[in-house]
Amino acid sequence: MVELIPESCTARLDPQKIFGRAAPLHVDLGCGDGAFLFALATRMPEKNFLGVERIAGRVEKACCKADKIDNMRVLRFETGYAVKYLLPERSVEIFHLLFPDPWPKRRHHRRRIVTAGFLRTIWMALKENGILRIATDHLGYFTRISRLAEESSLFAFMQPSGEDDFPASAFEKKFASTGARIYRLELRKVSPVM
Ligand SMILES: C[S@@+](CC[C@H](N)C(=O)[O-])C[C@H]1O[C@@H](n2cnc3c(N)ncnc32)[C@H](O)[C@@H]1O
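Reading the values: the criteria
Residues numbered from 1 in each chain as written. Predicted model: local features only at pLDDT ≥ 70, side-chain atom pairs only at ≥ 80, totals over all residues. Heavy atoms only, no water. Buried < 20%, exposed > 50% of the residue type's maximum accessible area, 1.4 Å probe, protein only. Helix = DSSP H or I, 4+ residues; strand = E, 2+ residues; numbered from the N terminus. Arc of directions from axis to C-beta. Contact = heavy atoms within 4.5 Å. Pairing = 2+ DSSP bridges. Phe/Tyr/Trp six-rings, centres within 6.5 Å; stacked < 30°, edge-to-face > 60°. Lys NZ or Arg CZ within 6 Å of the ring centre and 35° of its normal. Near = heavy atom within 4 Å. Polar contact = N/O pair within 3.5 Å; in protein donor to acceptor, adjacent residues only side chain to side chain. Areas by Shrake-Rupley, 256 points an atom, 1.4 Å probe, with all protein chains shown as cover. Nonpolar A, V, L, I, M, F, W, Y, C, P; charged D, E, K, R; others polar.

Asks: Outline helix α2 (residues 35-43), listing residues and values.
Replies: Owing to its 3.6 residues per turn, the α-helix brings residues three or four apart onto one side. Listing the buried residues of α2 in full gives F36, L37, L40 and A41. Projection of α2 onto a plane perpendicular to its axis shows the buried side chains occupying an angular sector of 125°, all on one side. Contacts made by the buried residues of α2 are with β2 (25-29), β3 (48-53), β4 (72-76), β5 (92-98) and β6 (126-136).

Asks: Describe unusual backbone geometry, and please don't skip the residues or the numbers.
Replies: Not every positive phi belongs to a glycine, and F99 is a case in point at roughly 55°. Residue position: F99 is located in the loop between β5 and α5 (116-125). In this structure F99 comes out as buried when scored by relative accessible area, which is 9%. Backbone geometry at S153 places phi at a positive 60°, although glycine is not the residue there. Structurally, the position occupied by S153 is in the loop between α6 (139-152) and β7 (155-158).

Asks: Hey, could you go over the pairing of strand β8 (residues 183-189) for me, with residue numbers and the actual values?
Replies: By the criterion of burial, β8 is predominantly enclosed, with six of the seven residues buried. Note that β6 and β8 share six bridges and pair antiparallel. Each bridged residue has a counterpart across the sheet, and for I134 the counterpart in β8 is L185.

Asks: So, the packing of aromatic side chains: which residues are in play, and what are the values?
Replies: If you walk through the whole model with that rule in mind, you get five aromatic pairs. Relative to Y81, the ring of F77 has its centre 5.6 Å away and its plane inclined at 25°; by these criteria the two rings are stacked. Its relative accessible area of 17% is what places F77 among the buried residues. Owing to a relative accessible area of 27%, Y81 belongs among the partly exposed residues under this scheme. A ring pair is formed by F99 and F175, whose centres lie 5.4 Å apart and whose planes are at 40°; its orientation type is tilted. In this pair, F99 is assigned in the loop between β5 and α5 and F175 in helix α7 (residues 170-177), connecting sequence segments 76 residues apart. Three or more aromatic residues link up through ring pairs in this structure, and these residues are F77, Y81 and Y85. The ring centre of F38 lies 5.9 Å from the NZ or CZ of K68, which sits over that ring.

Asks: Could you give an account of the site of the ligand, naming the residues involved and the relevant values?
Replies: By nearness alone, 15 residues border the ligand, and G30, E53, R58, E78 and S169 come closest of all. Contact between the ligand and G30: a nitrogen atom at 2.8 Å from a main-chain N or O atom of the residue. F171 is positioned such that a nitrogen or oxygen atom in its backbone is 2.9 Å from an oxygen atom of the ligand. Computed on the free molecule, the ligand has an accessible area of 590 Å², of which 90% lies beneath the protein chains in the complex. Across the shell around the ligand, the residue classes tally to six nonpolar, four polar and five charged.

These results come straight from atomic positions and should not be treated as a statement about function.
Spelled out as C-alpha cells, the structure:
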C-alpha cells in the first residue's frame, strides 16, 4: 500500500518494514499533491521517500503518483504530530519543508508549523548531519525561522542547494511564475556544545 495507515497513533513507524528495505529516508512535510516527492523519488531510486500531508484530496493525488514507483509512500497526518511521535529518532536523512503555510496575519502566527519545539523534534528525527531544507516566499516567516534556528544551536547554516539540485515543487513553480523571490534555508543537524 502506498498510503501509510499507521497501526497505532502512538507507536513509531518502521521504515524498513514500510519500504521493504533499508535505505536513506527523505521526508517531505506538507507534500501537497506529491509532485515534488515523485520527481525526487524517480531521480533517486536508491532512497526511500515519505510524504506527509493532511488534506485527503492531496493525499489521494500523491498516492496515485506513488503507485507508479516502489520507493514513495504517503502518510495522511498532521506534520507536527508525525515528526514528534511517529518518525523514529535518528531515522531521516533529509526533511523538505517547502512553502509551509505562512499565516501572514499576526494573530494567526501561532498556527505556523515552525516553532522552537518543532525544530527540536526535527533534530531528534534527523540522523547525524541530517538536513532540514526550507523554502518560502514569505520574508517575515523566513526571518523568524532563521532566528529560531540560530537561537536553538541545534543546526549549522549551510549554503542552500541551487535551483537545479532539486526539482521545483508545485508552489515553487507557481511563485516563480509570478517573479516572487524565494527564500531558502538549509540547516544541518549538529550536536549542541554542552
Ligand atoms: C502551500 S502548500 C505547499 C505544498 C508543497 N510543499 C509545494 O511546495 O508545492 C502547503 C501544504 O502543506 C499542507 N499542510 C499545511 N499544514 C500542515 C500540517 N500541519 N500537517 C500536514 N500538512 C500540512 C497543506 O495541506 C498544503 O498541502
